[in-house]
Amino acid sequence: MSHAYALPAARRLTPVLPVVAVIAVLALPVAPGVEGGASPADVASGVVVLCCAIRLLRQRRRPLSRTAAVVLGLPVAGFAVAAAGATTSGAGLTGFARWLQIFVLVPAAVLLLVRDRRDVRLLAWSVVALAVWQGAVGVHQYATGTGASYMGQEIRAVGTFGPGDIMGMATVVAFGLVCAVGLALAPGSVRQRVWAVVCALLLVVPLAVSFSRGAWIATAVACGAQLLLAGRRRAVAAGAVVAALAVVLVGGFGVGSTLLQERVSSIGQVGDAPDQSVTDRYTMWAAAADMWREQPLTGVGLKGFPEHRDGHASLALSSGSDIEGAGTEYRKQPLLSPHNLYLLVLSEQGVVGLLTLAGSWLALLVLGLRRLVRARRARDAGDVPAAESSLDCGLVACGLLIWQLINFAYSDIGGPAAVITGVCLGLTAWWALGDSGRLSEEAAPR
């Protein structure tokens, strides 16, 4: 009898397991000094796309609905135009493959492999587990002084990604925190809510010691949006918990160190003696805007920012960022992007690229929020029992997209952790592009 139940369970989980494997691969340490080329996570994401294609061929069915094909396929036009305008064919081809991987192929594969809300929860908990692991490594680095160099001290938490991907751990931890908040706010299993709250509280610490201002801002906005979307009563209760946690962390355990307070205060420090990292960032933003003004429609071509940077940047730009600590010897890392995805797209792909990519994201956001509102109304009206509600999936999906839309103003898609961006976009696509009339069913949206 046990075998009869085990087989259906294994069959039910099989389609989404390759996506779980991609998340698991991101827990592996990145070799110090290795930059460029395909990472293990990139290879794993390729396997996911291949598994999805094989599954579609075996089932002989239409892969995507018309709406999903348009929304997910819209950015391809901008990528293709920018690839054609690249300085070299090699740069255009590799750039096109990278953008297609993160923003089209991986999200589409996740959309097609995820079949129901149980798979969404499995992926969400996998992201939380990865975040807890990376956060634990990061907190250990901070506590023992074995992290990346920050203000002359090797205390910056970077997890297993190393100082070469300074945003990797912060991105993963923030994704896990957003997933945990979404799982905690929705009705459902008490055990799920308790564990989600515990994980969310634990992940606040590594996010803080990542010293990533962009991740802090994006997480605060995304979690705030989740609280409001979950309902006013839950928002008030959660706000009280956050306030109590802040008092305990800052007053009881001294998490609010001088360096952390200085980092927080530097968020608004634009013109009043900003540090060199802030100066570099605004200088590169200005350079990207200048490139766009030269080629407003199609930009300078994929991977064209590094080549055109020096011709548009002011003398305030430093030669590169200092990389040291976490097992890596001191070196200068060249500044190859404006650390703002919107400006990167605008400079390399022009208005065409920005409109197609942002248009796809805007469609996902509108459709996802609309479905989330309907799911909450159905729950409040009693049309959907709490045990069958998919509200947690909606809160996770919308929270992840909101986080990315905010964080893209401070970061780009470099490094091994970029693959998880595509996975999270796929979860959002599953929620946004599904059949809104089947909120309580276990069938996958198509």
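One can find the structure itself at the top, above this paragraph.
Residues numbered from 1 in each chain as written. Predicted model: local features only at pLDDT ≥ 70, side-chain atom pairs only at ≥ 80, totals over all residues. Heavy atoms only, no water.

1. Concerning the overall build of the chain
This is how it is decided: Helix and strand definitions here come from DSSP, where helices need a minimum of 4 consecutive H or I residues and strands a minimum of 2 consecutive E residues; each element is numbered from the N-terminal end. Only heavy atoms matter for contacts: two residues are in contact if any of them lie within 4.5 Å across the pair. The method behind every accessible area is Shrake-Rupley, applied with a 1.4 Å probe, and residues are considered shielded solely by the protein chains displayed.
The secondary structure content of the chain amounts to 16 helices and 4 strands. For the chain, long-range pairs separated by at least 24 residues make up 78% of all intrachain contacts whose partners lie at least 6 apart in sequence. When the accessible surface of the chain is summed, it comes to about 19,600 Å², and 65% of that surface belongs to carbon and sulfur atoms.

2. Remarks on the packing of helix α6 (residues 117-144) against helix α15 (residues 391-407)
So the rule is basically this: Note on definitions: angles span 0 to 180 degrees between N-to-C directions of axes, and those axes are lines fitted to C-alpha atoms, for helices only across the stretch in contact. What sets the label is the angle itself: under 35 degrees gives roughly parallel, over 145 gives roughly antiparallel, 65 to 115 gives roughly perpendicular, and the rest give oblique. A clockwise turn of the near helix away from the far one marks a right-handed crossing, whereas an anticlockwise turn of less than a right angle marks a left-handed crossing.
Their axes nearest at 10 Å, the elements α6 and α15 cross at an angle of 50°. In this view, α6 runs oblique relative to α15, as classed from their interaxial angle. The element α6 and its partner α15 pack so that their crossing is left-handed. Across from R117, V120, R121 and A124 in α6, the residues of α15 making contact are D392, C393 and V396.

3. Regarding the environment of R98
Relative to the helices and strands, R98 resides in helix α5 (residues 89-113). R98 sits 19 residues away from F79 along the chain, and the two C-alpha atoms are 9.9 Å apart. When residues no more than four places from it in sequence are discounted, the contact partners of R98 are D42, I413, G415 and A418.

4. Side note on the packing of aromatic side chains
Put simply, the test is: Planes of paired rings set the category: under 30 degrees apart is stacked, over 60 is edge-to-face and the rest tilted, where pairs are Phe, Tyr or Trp rings (Trp by its six-membered ring) whose centres lie within 6.5 Å. Burial classification: accessible surface area is computed with a 1.4 Å probe over protein chains only, and a residue below 20% of its type maximum counts as buried, one above 50% as exposed, and the rest as partly exposed.
Under the defined criterion, the tally for this structure stands at 10 aromatic pairs. Taken together, a centroid distance of 5.7 Å and an interplanar angle of 45° make the contact between F79 and W99 tilted. On the criterion of sequence distance, the pair formed by F79 in helix α4 (residues 66-84) and W99 in helix α5 is long-range, its members being 20 residues apart. Looking at F79, the relative accessible area reads 0%, which means it is buried. Taking the relative accessible area as the measure of exposure, W99 reaches 5% and is therefore buried. Their ring planes at 80° and their centres at 6.4 Å tell us that Y342 and F408 sit as a pair that is edge-to-face. Linking Y342 in helix α14 (residues 341-380) with F408 in the loop between α15 and α16 (418-432), this pair joins segments that are 66 residues apart in sequence. Of the residues examined, Y342 reaches a relative accessible area of 24% and is grouped as partly exposed. Feature note: the residues F79, W99, F103, Y342, W361 and F408 constitute an aromatic cluster, connected by ring pairs.

5. Points about the pairing of strand β2 (residues 153-156)
Convention followed: Only strands joined by at least two bridges in the DSSP assignment are considered to pair.
Across 3 bridges, strand β1 (residues 148-150) lies against β2 in antiparallel orientation. Bridge pairing links A148 to R156 in β2. A loop of 2 residues connects β1 with β2, the two strands running antiparallel in sequence, and M151 in this loop sits at a positive phi of about 55°.

6. Describing empty space enclosed by the protein
Over the atoms a probe the size of a water molecule is rolled, and this reveals where empty space is left. Cut-off, in case you're wondering: A cavity, in this analysis, means grid points on a 1 Å lattice covering only the protein atoms where a 1.4 Å probe fits yet has no way out; a pocket is instead an open set bounded by protein on both sides within 12 Å along at least five of seven lines, and a residue lines either one if it has an atom within 4 Å of a point. Grid points are joined across faces, edges and corners, and a volume is the space filled by probe spheres set on the points. In this classification, Asp, Glu, Lys and Arg are treated as charged, Ala, Val, Leu, Ile, Met, Phe, Trp, Tyr, Cys and Pro as nonpolar, and every other residue, Gly included, as polar.
The tally for this structure, following the rule as stated, stands at 4 cavities of 30 Å³ or more. Here the largest cavity defines a volume of roughly 50 Å³. Lining the largest cavity, in full, are L72, P75, F103, P107, L357, S360, W361, L364 and L425. For the lining of the largest cavity, the secondary structure elements donating two or more residues are α4, α5 and α14. Of the residues forming the lining of the largest cavity, the biggest block, 4 residues, is contributed by α14. Grouping the amino acids of the lining of the largest cavity by side-chain chemistry returns 8 nonpolar, 1 polar and no charged.

7. What to know about the nonpolar core
We count it as follows: Residues belong to one nonpolar core when they are buried, are Ala, Val, Leu, Ile, Met, Phe, Trp, Tyr or Cys, and are joined through side-chain atoms within 4.5 Å.
Of all hydrophobic cores here, the largest spans 118 residues; its most connected members are W99, F103, L123, L341 and L433. Ranked by residue count, the leading element in this core is helix α7 (residues 168-185), at 14 residues. Once you skip the residues sitting within four places of it in the chain, F103 turns out to touch L72, F79, L341, L357, W361, F408, I413, T421 and L425.

8. Some points on α4
Worth spelling out the cut-off: One less than the residue count of a helix, multiplied by 1.5 Å, gives the span that helix is expected to have. Fitting axes to the seven residues ending at a residue and to the seven starting there, one defines the bend at that residue as the angle between these axes.
Across its 19 residues, α4 extends 27 Å between first and last C-alpha, which sits within 8% of the 27 Å expected from 1.5 Å per residue. The largest bend in α4 amounts to roughly 35° and is located at G73, with the proline P75 lying one to four residues further along. Those residues of α4 that sit buried are A68, V71, L72, P75, G78, F79, A82 and A83. Close packing links the buried residues of α4 with α5, α14 and α16.

9. What to know about the packing of α7 against helix α8 (residues 190-208)
Contact geometry of α7 with α8 gives a least axis separation of 8 Å together with a crossing angle of 155°. Overall, the two elements α7 and α8 adopt an arrangement that is roughly antiparallel. As α7 packs across α8, the resulting crossing turns out to be left-handed. Each of M169, A170, V173, A174, G176, L177, A180, V181, L183 and A184 in α7 lies in contact with α8, whose residues at this interface are Q192, R193, A196, V197, C199, A200, L203, V204, P206 and L207.

10. With respect to a nonpolar patch on the surface
Selection rule: Here, patches come from residues exposed beyond 30% relative accessible area and free of salt bridges, joined within 9 Å for like charges and within 5 Å for nonpolar side chains (Val, Leu, Ile, Met, Phe, Trp, Tyr). A side-chain nitrogen of Lys or Arg and a carboxyl oxygen of Asp or Glu constitute a salt bridge if their distance falls within 4 Å.
There is a patch of nonpolar side chains on the surface, built from V190, V194, W195, V198 and L202 and spanning about 490 Å² of accessible area. Considering the arrangement of structural elements, one finds V198 in helix α8. A relative accessible area of 36% means that V198 is categorised as partly exposed.

11. Re the pattern of salt bridges
Tallied over the full model, the rule gives 4 salt bridges. One salt bridge connects R118 with D116, and the closest N-O pair in it is separated by 3.4 Å. Judged by relative accessible area, which is 4%, D116 ranks as buried.

12. Details of unusual backbone geometry
Negative phi is the rule for most residues except glycine; trans is the rule for most peptide bonds. The phi angle at F211 is positive, at roughly 55°, despite the residue not being glycine. Phi is positive for H339, close to 55°, though the residue is something other than glycine. Relative to the helices and strands, H339 resides in the loop between β4 (328-333) and α14. On the accessibility criterion, H339 (27% relative accessible area) is partly exposed.

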